[in-house]
Amino acid sequence: MPEPGAQKRRFRNLLLPYLAVFLITATLVGVLALRGAQNANLTLVYLVRQDVILIGLGLAISGACLWRSDPEAKLPALEGRSILLASVAVAVLVLLARDYVLFDYDLSRDEQLARFDAAIFSSGNLAADLREPWGRFADALNTDFMLPVSERTGWVSGYLPLNAAMISLFDLLAASRLLGPFSVLLGGVALVGCARKLWPESRSATIVALLLYVGSGQVLLNAMTSYAMSLHLTSNLCWLWLFLQRRNWADLLALAIAFVAVGLHQPLFHPLFAAPVLASLVFSRKWGRAGLYFAGYAAIAAFWFWWPQFSVGLTGIPLPGNKGSFLTRLLDELGRQRQTGLLEMIANLVRFVAWQHLLLLPLFLIGLTLVRKHAVLAGLALGIFLTIVVMAVILPYQGHGFGYRYLHGLIGNAILLAVAGYQTAVRQETVWASMMRRTTLAGLLCMLPLQLFFAHGFYKPYASASRAIDLSQSDYVIVDPEGAPFAIDLVINDPFLENRPLRLVQDRIAPGLITPLCANGADVSFLPPMHYNAIRRNFGMQELDENGLDNAKLTTMLESGGCSVR
């Protein structure tokens, strides 16, 4: 029987962090319930309907694993072949779950525009022309997250292009579905490489790093989507592995990866990861390497800050003033005050913990105590801290996502800090090896299926509504953005407008569009209330009745213009 002092240490190191997170989560849910705000936005919906359950289950599993732990257990040593096979198995899981869990559907606007831009790139173009009459009425096709051009003659999204370019490249190879699995596989290999460079004498470092990686629901679920976040994580881990080589060739390759990482979709995330690590070069007076990286990142920043002006120029219409510049958009975000910003950020961090391996948080906290002795670990920790602070100020609301997406590229940082914590903890308490084995198995058998269940349930009504639109026999289907949360994201069209039916945003159909729309007696239909209601149930909202959508005025206008309305 373990000594009382050992039991207290185990409770403090393992269960206390999870208990604290659970109490914070329960308190947040209680405050929101009293304020009637639990359905105020998606972040809080996730907290109430998913994360509080995951945290509670994680606490129970951790306690049970600790109670049944075996101090004599050891972690097996992994050879290169075993690591590769484990990574391939995870990649196959990601590939299959894209279909069976997420319906092979891109739910969020971020995902949709990545595929949208990829279709343009696959056609051999950097922009797609927008033929008349749609140039004057493009808002009806949904221009959210497009660059704000003064006159729209073509499609230009507001994102940097390299996530879409990667999708397009895999499309050309007839393997677009393999991008997410490939990203997870490469990220796992790079993570193991980093662990071996940091702890070359440790047999357990690589296995602990890999178990924390494959035991992360956030890593697996986001790799099933078209988000850029999986590529952010993989590129950051590859960059770090190259940085740790301390060779000229590796530094040049790291800068090439940095170019890709900055240009994936938003330019801010990779610099927040890299800058604290590069600061170690300054503190250690490695002036040559520091100068190389400074010059490289200056060139990278100049290129990607120029890109929006260039991409809009492809359509022949300049941006009005600097409205599309990153600085202007940053200032716009800073000018938006969100009353629930602090609650949202706390909820984001809770969600991050809820979708990770059960031991990541306690081992990470132990690892934080070691950062003063290790410059690279200090840089990894500071990258996490900087990202949290910056996003709390700029954009505490993340929208859709599994876990906290804005920390996704830094999951490798957290894992490596946790590996450092494990190296220290296991010397004091051999029970950690048993805990790692048991919590990994319990996470894969209990936590991951529940996370997949939540993801499946949330995606299903959107995917069903989108499929119903595709199967309609109409020329146009009109979607009411007020019918349900994020219903407007159902309005996504082919960039060349070759899809039928075309999808239109109801409250953005200008009167002048009716005549060209109905010129040939087009068949028009409205998305039925049943699909809005299925989505509203995700948010605990009251369902609409058959008269809950006001289509009468627009129906009259369409029929008067010569359309057939169903």
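Structure's up top.
Each value, and the rule that gives it
Residues numbered from 1 in each chain as written. Predicted model: local features only at pLDDT ≥ 70, side-chain atom pairs only at ≥ 80, totals over all residues. Heavy atoms only, no water. Core = buried A, V, L, I, M, F, W, Y, C linked by side-chain atoms within 4.5 Å. Buried < 20%, exposed > 50% of the residue type's maximum accessible area, 1.4 Å probe, protein only. Helix = DSSP H or I, 4+ residues; strand = E, 2+ residues; numbered from the N terminus. Contact = heavy atoms within 4.5 Å. Salt bridge = Lys/Arg side-chain N within 4 Å of Asp/Glu carboxyl O. Patch = residues over 30% accessible without salt bridge, like charges linked within 9 Å, V, L, I, M, F, W, Y side chains within 5 Å. Areas by Shrake-Rupley, 256 points an atom, 1.4 Å probe, with all protein chains shown as cover. Lys, Arg positive; Asp, Glu negative; His and termini not counted. Charge placed at Lys NZ, Arg CZ, Asp CG, Glu CD. Disulfide = S-S within 2.5 Å. Pairing = 2+ DSSP bridges. Expected span 1.5 Å × (residues − 1). Axes fitted to C-alpha atoms, helices over the stretch in contact; angles between N-to-C directions. Parallel < 35°, antiparallel > 145°, perpendicular 65-115°, else oblique. Left-handed = near helix turned anticlockwise from the far one by under 90°. Nonpolar A, V, L, I, M, F, W, Y, C, P; charged D, E, K, R; others polar. Phe/Tyr/Trp six-rings, centres within 6.5 Å; stacked < 30°, edge-to-face > 60°.

Visitor: I keep staring at the nonpolar core and nothing clicks. Help me out?
Guide: Most often, soluble globular proteins have nonpolar side chains that are buried together. Trp134, Trp239 and Leu558 are the most contacted members of the largest nonpolar core, which totals 186 residues. Per element, the largest residue contribution to this core is 17 residues, and it comes from helix H18 (residues 431–471). Look past the residues within four positions of Leu558 in its chain and what remains in contact with it is Ile478, Ile514, Leu517, Cys518, Val524, Phe526, Cys563 and Val565.

Visitor: Teacher, can you tell me more about the side chain of Gln50 here?
Guide: Mapped onto the elements of the fold, Gln50 is located in helix H2 (residues 42–67). Of the residues examined, Gln50 reaches a relative accessible area of 7% and is grouped as buried. Those residues in contact with Gln50 that sit more than four places away from it in its chain are Val45, Arg351, Trp355 and Phe454.

Visitor: What exactly am I supposed to notice about unusual backbone geometry here?
Guide: Backbone phi values are negative for most residues with the exception of glycine, while trans is the configuration of most peptide bonds. Of the consecutive residues Glu132 and Pro133, the connecting peptide bond is found in the cis state with omega at 5°. Mapped onto the secondary structure, Pro133 falls in the loop between strand S1 (128–129) and strand S2 (154–155). With a phi angle near 70°, Phe145 is a residue other than glycine that sits in the positive phi range. Since its relative accessible area comes to 47%, Phe145 is described here as partly exposed.

Visitor: Can you walk me through the pattern of salt bridges in this structure?
Guide: A pair can form between side chains of opposite charge whenever their charged atoms are brought close. Taken as a whole and assessed by the stated rule, the structure comprises 13 salt bridges. Between Asp106 and Arg98 there is a salt bridge, with the nearest N and O atoms lying 3.1 Å from each other. The buried category is assigned to Asp106, whose relative accessible area is 12%. Its salt-bridge partner being Arg405, residue Asp110 comes within 3.5 Å of it at the nearest N-O pair. Pair noted here: Asp110 is in helix H4 (residues 109–122) and Arg405 is in the loop between helix H16 (375–394) and helix H17 (411–428), with a separation of 295 residues, a long-range link. For the pair Asp110 and Arg405, one class covers both residues: buried. Residues joined by salt bridges that share partners form a network here, namely Arg98, Asp99, Asp104, Asp106, Arg115 and Arg177.

Visitor: Help me out: how do you make sense of a positive patch on the surface in this one?
Guide: On the surface, Lys197, Arg246, Arg247 and Lys286 cluster together into a positively charged patch. Checked against the element boundaries, Lys286 lands in the loop between helix H11 (269–283) and helix H12 (287–313).

Visitor: Please explain the state of the cysteines as it appears in this structure.
Guide: In protein structure, a disulfide is the covalent linkage between the sulfur atoms of two cysteines. Under the counting rule described, the total for this entry stands at 1 disulfide. Here Cys518 pairs with Cys563 through a disulfide, and the sulfurs are 1.9 Å apart. Residues Cys518 and Cys563 are joined through a disulfide that is left-handed, its torsion about the S-S bond being -100°. Here the residue Cys518 occupies a position in the loop between helix H19 (511–517) and strand S5 (523–526), and Cys563 occupies one in the loop between helix H21 (552–561) and strand S6 (564–565), the gap between them amounting to 45 residues.

Visitor: Help me understand the sheet that holds S6, please; the structure alone is not making it clear to me.
Guide: On the basis of which strands lie adjacent, the open sheet formed by 4 strands has the order S4-S3-S5-S6 and parallel pairing. Each of the sheet's edge strands pairs with one partner strand only, and the pair in question is strand S4 (502–505) and S6. In this structure, strand S3 (residues 476–479) lies alongside S5, joined through 3 bridges in parallel fashion. Within S5, the residue paired with Val477 across the bridge is Ser525.

Visitor: Just checking my understanding: could you explain the environment of Leu554 for this structure?
Guide: Counting through the fold element by element, Leu554 comes out in helix H21. Using a relative accessible area of 10% as the deciding quantity, one classes Leu554 as buried. In this structure the C-alpha to C-alpha distance between Leu554 and Ile509, which are 45 residues apart in sequence, comes to 8.8 Å. Not counting residues within four places of it along the chain, the set of residues in contact with Leu554 comprises Ile478, Gln506, Ile509, Ile514 and Phe526.

Visitor: Just checking my understanding: could you explain helix H14 (residues 341–354) for this structure?
Guide: Given 3.6 residues to a turn, an α-helix orients residues that are three or four positions apart in the same direction. Counted at 1.5 Å a residue, the expected span for H14 with its 14 residues is 20 Å, and the 20 Å between its end C-alpha atoms agrees. Across the 14 residues of H14, 11 count as buried, placing the element largely inside the fold. Within the span of H14, buried status applies to Gly341, Leu343, Glu344, Met345, Ala347, Asn348, Val350, Arg351, Phe352, Val353 and Ala354.

Visitor: Even after reading the chapter, I still don't get the packing of H18 against helix H20 (residues 529–538), so can you show me in this structure?
Guide: Helix-helix packing is described using two parameters, namely the angle between the two axes and the distance between the axes. Running from N to C, H18 and H20 cross one another at 165°; their axes reach a closest spacing of 9 Å. By the angle between their axes, H18 is roughly antiparallel relative to H20. Relative to H20, the crossing made by H18 is left-handed. Within the contact between the two elements, H18 uses Gly457, Phe458, Pro461, Tyr462, Ser464, Ala465 and Ala468 and H20 uses His531, Ala534, Ile535 and Asn538. Of the residues that constitute the contact of H18 with H20, the class distribution is 7 nonpolar, 4 polar and no charged.

Visitor: Looking at this structure, how should I read the packing of aromatic side chains?
Guide: What describes a pair of aromatic rings is the distance from one ring centre to the other and the angle between the planes of the rings. The final tally for this structure, using the stated rule, is 25 aromatic pairs. With centroids separated by 5.5 Å and ring planes inclined at 55°, the aromatic side chains of Phe303 and Trp306 adopt a geometry described as tilted. Within this pair, Phe303 and its partner Trp306 are both found in helix H12, separated by 3 residues, close to a single helical turn. By relative accessible area, Trp306 is classed as partly exposed at 42%. With centroids separated by 6.2 Å and ring planes inclined at 35°, the aromatic side chains of Phe303 and Trp307 adopt a geometry described as tilted. Here the residue Phe303 and the residue Trp307 both occupy positions in helix H12, the gap between them amounting to 4 residues, near one helical turn. Judged by relative accessible area, which is 29%, Phe303 ranks as partly exposed. Residue Trp307 is classed as buried on the basis of its relative accessible area, which comes to 13%. An aromatic cluster is present here, built from Phe259, Phe303, Trp304, Trp306, Trp307 and Phe310 joined pairwise through their rings.

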